[in-house]
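Residues per chain are reported as follows:
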Amino acid sequence: MSKEQRFFSFLQQRIGLDVASVGAPMVERALRQRCAAVNAVDLDDYWLRLQQSNEEQQALIEAVIVPETWFFRYPESFTALADLARKRLAELGGLRPLRILSLPCSTGEEPYSIAMALLDAGIAGHSFRIDGMDISPFSVQRAEQGLYGRNAFRGAHLDFRQRHFDETDEGHRLHERVRQQVDLQVGNVLDPALKSREGSYDFVFCRNLLIYFDVPTQQRVFEVLKSLIHAQGVLFIGPAEGSLLARLGMRPLGISQSFAFVHQAEPAPVIEPKPLNVVPIMASAPNVARPLPVPARKRTAITPPVAARVLASDNSAELLAQIARLANAGSSVEAQAACARYLQHYPPHAQVFYWLGLLSDTAGEADAALGHYRKALYLEPQHPEALVHLAALLESRGDSAGARRLQERAARRLDREPEQ
Ligand SMILES: C[S@@+](CC[C@H](N)C(=O)[O-])C[C@H]1O[C@@H](n2cnc3c(N)ncnc32)[C@H](O)[C@@H]1O
């Protein structure tokens with residue numbers, strides 16, 4: 001056993017961190033930092049100090065967590081939330097306010113985005129409460145301050161900043177009207193005490209946490225999350241975290257890009273699907289169109305064809321955009337034809353193979369999908385959506401190790417995303 005292994009086990013037990021997900025070098029770096037900070041002579045010495053001090057345990061946890069977050073991350077999920085919240089409030093008929101949980105909330109961007117989205121949708125402040133919880137006291141403290149630098153604001157649509165923040169010399173200060181909607185606390189998703197909140201929440205956001213856990217821990221946490229959600233409630237997760245949920249009796253709501261799941265047995269709230277625009281997924285990946293949600297592993301109907309004239313484009317970028325439009329509108333046959341047309345006229349492109357993979361996947365043609373996703377990754381090894389979707393496909397075929405490798409690759413890529 002390496003000298004580091006006991007620290008890896010400590011982190012696994014305390015916060016669920018699967019060291020493979022962030023990579024051992026990242027944790028080793030954190031260990032070196034902490035050794036230097038407390039003047040430990042070596043790892044044995046540091047291990048002793050860690051055993052003796054709660055503060056040091058917390059400091060090590062702070063050194064390894066990934067607090068990366070920003071306002072309105074996956075914007076479609078907030079649009080979906082606003083629609084679902086209105087419906088849920090109508091169901092509740094004024095009996096009680098909506099209860100929402102953001103776990104992990106990191107430095108507050110997620111719970112405050114929820115509050116802004118609901119207020120902007122015309123939902124009165126007294127009609128909802130949000131709990132924000134995170135294992136990092138430092139992050140929770142920053143969330144309480146409600147003061148944000150430019151990294152918290154990403155993407156093209158920042159009009160919410162004018163509505164809900166004051167610009168100050170130190171950064172953008174969140175309005176009290178939004179801040180007061182959120183109750184923040186330090187907490188661990190692995191804490192058994194969470195069970196006492198069973199069935200409490202209409203909406204739970206648990207995004208970009210489970211990618212750092214191994215599969216048994218993910219499973220344990222999903223069971224907890226599932227129990228926290230009211231029978232008619234909705235769970236919002238991160239794009240790479242869907243594969244386990246179907247097995248645990250939850251199903252996707254089918255709202256593009258919202259990554260929203262409901263209990264299997266419950267009838268899904270009815271929501272009009274909105275076709276997607278081709279918008280970059282992140283500012284740092286300008287040529288990447290947003291993916292459809294990770295497909296459920298079952299055959300889905302293909303919607304009727306649209307007019308063939310929409311395929312008449314000779315420009316490669318335009319053709320790519322057209323493929324995305326067709327695929328997002330559910331026009332699978334036309335989208336596939338447009339992909340074929342692209343490959344006939346232009347050099348192979350990862351995005352085209354990704355779309356072909358997704359279209360085959362949605363049609364239940366898993367073998368073909370596998371081939372296409374692999375070609376996409378051959379052409380662009382870090383293609384984010386191909387990584388996520390191929391991982392979901394492998395998982396559904398029982399290749400958990402293969403899926404895990406791809407999820408780790410996707411997570412590493414996200415960690416490296418440069419900030420704006
Ligand atoms: C990448 S951020 C995600 C924030 C936000 N949900 C989002 O998607 O933008 C991950 C957060 O998980 C928190 N975290 C890690 N392990 C945790 C645990 N066991 N319980 C609660 N929070 C945890 C970290 O402190 C960090 O703030």
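Undergrad: Give a detailed account of helix H6 (residues 75-92), specifying residues and quantitative values.
TA: In this model, H6 (18 residues) spans 26 Å end to end at C-alpha, consistent with the 26 Å of a helix rising 1.5 Å per residue. Every buried residue belonging to H6 is among Glu76, Ser77, Phe78, Ala80, Leu81, Ala82, Asp83, Leu84, Ala85, Arg88, Leu89 and Leu92, and all of these are buried. Tucked inside the fold, the buried residues of H6 contact strand S1 (98-102), helix H7 (109-120), strand S7 (201-206) and strand S8 (229-237). Looking one or two residues beyond H6, the residue adopting positive phi is Gly93, at roughly 55°.

Undergrad: Which residues make up the site of the ligand, and what values go with them?
TA: Of all residues adjacent to the ligand, which total 20 residues, the nearest are Thr69, Arg73, Pro104, Asp134 and Asn208. Between the ligand and Glu110, the relevant distance is 3.0 Å, taken from a nitrogen atom to a side-chain nitrogen or oxygen of the residue. Take Val189: an N or O atom from its main chain is 2.9 Å from a nitrogen atom of the ligand. Within the complex, the protein chains bury 97% of what would otherwise be the 600 Å² of accessible surface of the ligand. Its residues placed into classes, the shell around the ligand shows nine nonpolar, six polar and five charged.

Undergrad: Quick rundown of the pairing of strand S5 (residues 171-174)? Include the residues and the values.
TA: Bridge analysis of strand S3 (residues 147-148) against S5 gives two bridges, and the strand direction is antiparallel. Bridge pairing in S5 links Leu147 to Arg173. Relative to S5, strand S4 (residues 165-168) runs antiparallel, the two sharing four bridges. Residue pairing across strands places Asp166 opposite Arg173, the latter belonging to S5. Following S4, the chain reverses through two residues before pairing antiparallel with S5.

Undergrad: With reference to specific residues and values, describe helix H15 (residues 366-379).
TA: Compared with an ideal rise of 1.5 Å per residue, which puts 14 residues at 20 Å, H15 spans 20 Å between its outermost C-alpha atoms and is within 8% of the ideal. Looking only at H15, the buried set comprises Ala369, Leu370, His372, Tyr373, Ala376 and Leu377.

Undergrad: For the sheet that holds strand S9 (residues 250-252), give the residues involved together with the corresponding values.
TA: Taken in spatial order, the seven strands make up an open sheet running S6-S2-S1-S7-S8-S10-S9, and their pairing is mixed. In this open sheet, the two strands that pair with only one neighbour each are strand S6 (182-186) and S9. Each strand of the sheet is rotated relative to its neighbour by a mean of 25°, with strand direction disregarded. Relative to S8, S7 runs parallel, the two sharing five bridges. Looking across to S8, one finds that Cys206 is bridged to Ile237. Lying on the sheet, H6 is in contact with S1, S7 and S8; it crosses S7 at an angle near 165°. Contacts from helix H8 (residues 137-145) reach strand S2 (128-134) and S6 within the one sheet, and its direction differs from that of S6 by about 160°.

Undergrad: A description of the sheet that holds S5 should follow, citing residues and the corresponding values.
TA: Read across the sheet, three strands follow the order S3-S5-S4 without closing on themselves; strand pairing throughout is antiparallel. Among the strands making up the open sheet, the edge pair consists of S3 and S4.

Undergrad: I'd love a proper account of the environment of Tyr201, names of residues and values included.
TA: Considering the arrangement of structural elements, one finds Tyr201 in strand S7. Residues Tyr201 and Leu101, spaced 100 residues apart in sequence, show a C-alpha to C-alpha distance of 6.7 Å. Non-local contacts of Tyr201, meaning those with residues more than four positions away in its chain, are made with Arg99, Ile100, Leu101, Asp131, Leu228, Ile229, His230 and Gly233. In terms of polar contacts, Tyr201 uses its side chain to reach the side chain of Arg197, at 2.9 Å.

Undergrad: Let's hear about the packing of aromatic side chains: which residues, and what values?
TA: Per the counting criterion, the structure on display carries 19 aromatic pairs. With 5.8 Å between their ring centres and 20° between their planes, Phe78 and Phe205 make a pair best called stacked. Of this pair, Phe78 sits in helix H6 while Phe205 sits in strand S7; the two residues are 127 residues apart in sequence, bridging distant segments of the chain. Through pairs of rings, three or more aromatic residues link up here, namely Phe71, Phe72, Phe78, Tyr112, Tyr148, Phe153, Phe160, Phe165, Phe205 and Phe236. Taking NZ or CZ as reference, Arg161 lies 4.8 Å from the ring centre of Phe153, over its face.

Undergrad: An account of the packing of H15 against helix H16 (residues 384-396) is needed here, citing residue identities and associated values.
TA: Helix-helix packing: each pair is described by the crossing angle between the helix axes and the interaxial distance. At their nearest, the axes of H15 and H16 sit 10 Å apart, and the two run at 145° to each other. Relative to H16, H15 is oriented so that their crossing is left-handed. Along the contact surface, H15 presents Ala366, Ala369, Leu370, Tyr373, Arg374, Ala376 and Leu377, while H16 presents Ala386, Leu387, His389, Leu390, Leu393 and Leu394. A per-class count over the contact of H15 with H16 returns eleven nonpolar, one polar and one charged.

What counts and how
- Residues numbered from 1 in each chain as written.
- Predicted model: local features only at pLDDT ≥ 70, side-chain atom pairs only at ≥ 80, totals over all residues.
- Heavy atoms only, no water.
- Helix = DSSP H or I, 4+ residues; strand = E, 2+ residues; numbered from the N terminus.
- Expected span 1.5 Å × (residues − 1).
- Buried < 20%, exposed > 50% of the residue type's maximum accessible area, 1.4 Å probe, protein only.
- Contact = heavy atoms within 4.5 Å.
- Near = heavy atom within 4 Å.
- Polar contact = N/O pair within 3.5 Å; in protein donor to acceptor, adjacent residues only side chain to side chain.
- Areas by Shrake-Rupley, 256 points an atom, 1.4 Å probe, with all protein chains shown as cover.
- Nonpolar A, V, L, I, M, F, W, Y, C, P; charged D, E, K, R; others polar.
- Pairing = 2+ DSSP bridges.
- Axes fitted to C-alpha atoms, helices over the stretch in contact; angles between N-to-C directions.
- Phe/Tyr/Trp six-rings, centres within 6.5 Å; stacked < 30°, edge-to-face > 60°.
- Lys NZ or Arg CZ within 6 Å of the ring centre and 35° of its normal.
- Left-handed = near helix turned anticlockwise from the far one by under 90°.

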